[in-house]
Amino acid sequence: MDRIKRLRRVGLLCCHFSRNCAYYKAGWVEGKTTASNEFWLTVQNNFLDTAVLEWLKLFGDFNDKHHWKKVVECPDKFKDQMLYSCGVTESDLAEQRGSFKLYRNKFIAHLDSETIMKIPSLDMPLKLTEFYYGYVSKELGIANRINLPTELGDYYKKCFTESKECFGK
């Protein structure tokens, strides 16, 4: 796969994560779901599961072809800039990755014997994904960013608003 195609695929994954994150989060008010029935509860949980899976493609396993370490030109420099810009430490990133993997492994991919589900926070992953998307978007340039948003944060807000209007109807 050529570099432009790889970057576009990463951009799409960033968008998929952001959209599913926004759709999931829009269904909550003051820590309570606004899902009005079983259908909407299922939909809301599917948004969370998809967000977790998409984020792990970007930040989970170093061997994944869309992981930032395999895509950016200078991985060490990128990591330092990303962590600084997002106000995250390496320890925070490792902990976040671990919580996503635990959730994926124990509740999405398998139903283990765990009885209490700990839903990972989506706030830090959203910041990290916005940073990664900014890098990808800049490298793609306008000509190769067709059908991709200019700013991932704006796209998130659009998706959040859209979901808020629809949720639970």
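Focus on the packing of helix H1 (residues 3–25) against helix H7 (residues 152–166)
At a minimum axis distance of 8 Å, the contact between H1 and H7 shows a crossing angle of 35°. Relative to H7, H1 is oriented so that their crossing is right-handed. Where H1 abuts H7, its residues Cys 14, Cys 15, Ser 18, Arg 19, Cys 21, Ala 22, Tyr 23 and Lys 25 lie against Leu 152, Tyr 155, Tyr 156, Cys 159, Phe 160, Glu 162 and Ser 163. Each residue belonging to the contact of H1 with H7 can be placed in one class, and the counts come to 10 nonpolar, 2 polar and 3 charged.

Here's the deal with the packing of aromatic side chains
The description of an aromatic ring pair rests on the distance of the ring centres and on the angle between the ring planes. All told, the structure shown has 12 aromatic pairs when counted by the stated rule. When the centroid spacing of 5.8 Å and the interplanar angle of 65° are considered together, the rings of Phe 78 and Tyr 132 count as edge-to-face. Of the two residues, Phe 78 is situated in helix H4 (residues 75–86) and Tyr 132 in helix H6 (residues 123–144); the sequence distance between them amounts to 54 residues. With a relative accessible area of 0%, Tyr 132 lands in the buried category. Through successive ring pairs, a cluster of aromatic residues spans Trp 55, Phe 59, Trp 68, Phe 78, Phe 100, Phe 131, Tyr 132 and Tyr 135.

What about the pattern of salt bridges?
Tallied over the full model, the rule gives 6 salt bridges. Ionic pairing is found between Lys 25 and Asp 123, a salt bridge with its closest N-O pair at 2.3 Å. Here Lys 25, found in helix H1, pairs with Asp 123, found in helix H6; they are 98 residues apart in sequence, far enough to count as distant. Residue Lys 25 is classed as partly exposed on the basis of its relative accessible area, which comes to 24%. A salt bridge links Lys 101 to Asp 61; its shortest N-O distance comes to 2.8 Å. One end of the pair, Lys 101, is in helix H5 (residues 90–108); the other, Asp 61, is in the loop between helix H2 (38–59) and helix H3 (68–71), with 40 residues separating them in the sequence. Classification of Lys 101 by relative accessible area gives partly exposed; the value is 22%. When salt bridges that share partners are traced, they join Arg 3, Glu 73 and Glu 139 into one network.

Cut-offs applied
Residues numbered from 1 in each chain as written. Predicted model: local features only at pLDDT ≥ 70, side-chain atom pairs only at ≥ 80, totals over all residues. Heavy atoms only, no water. Axes fitted to C-alpha atoms, helices over the stretch in contact; angles between N-to-C directions. Helix = DSSP H or I, 4+ residues; strand = E, 2+ residues; numbered from the N terminus. Left-handed = near helix turned anticlockwise from the far one by under 90°. Contact = heavy atoms within 4.5 Å. Nonpolar A, V, L, I, M, F, W, Y, C, P; charged D, E, K, R; others polar. Phe/Tyr/Trp six-rings, centres within 6.5 Å; stacked < 30°, edge-to-face > 60°. Buried < 20%, exposed > 50% of the residue type's maximum accessible area, 1.4 Å probe, protein only. Salt bridge = Lys/Arg side-chain N within 4 Å of Asp/Glu carboxyl O.

Read these as layout, nothing more, since geometry by itself doesn't imply function.
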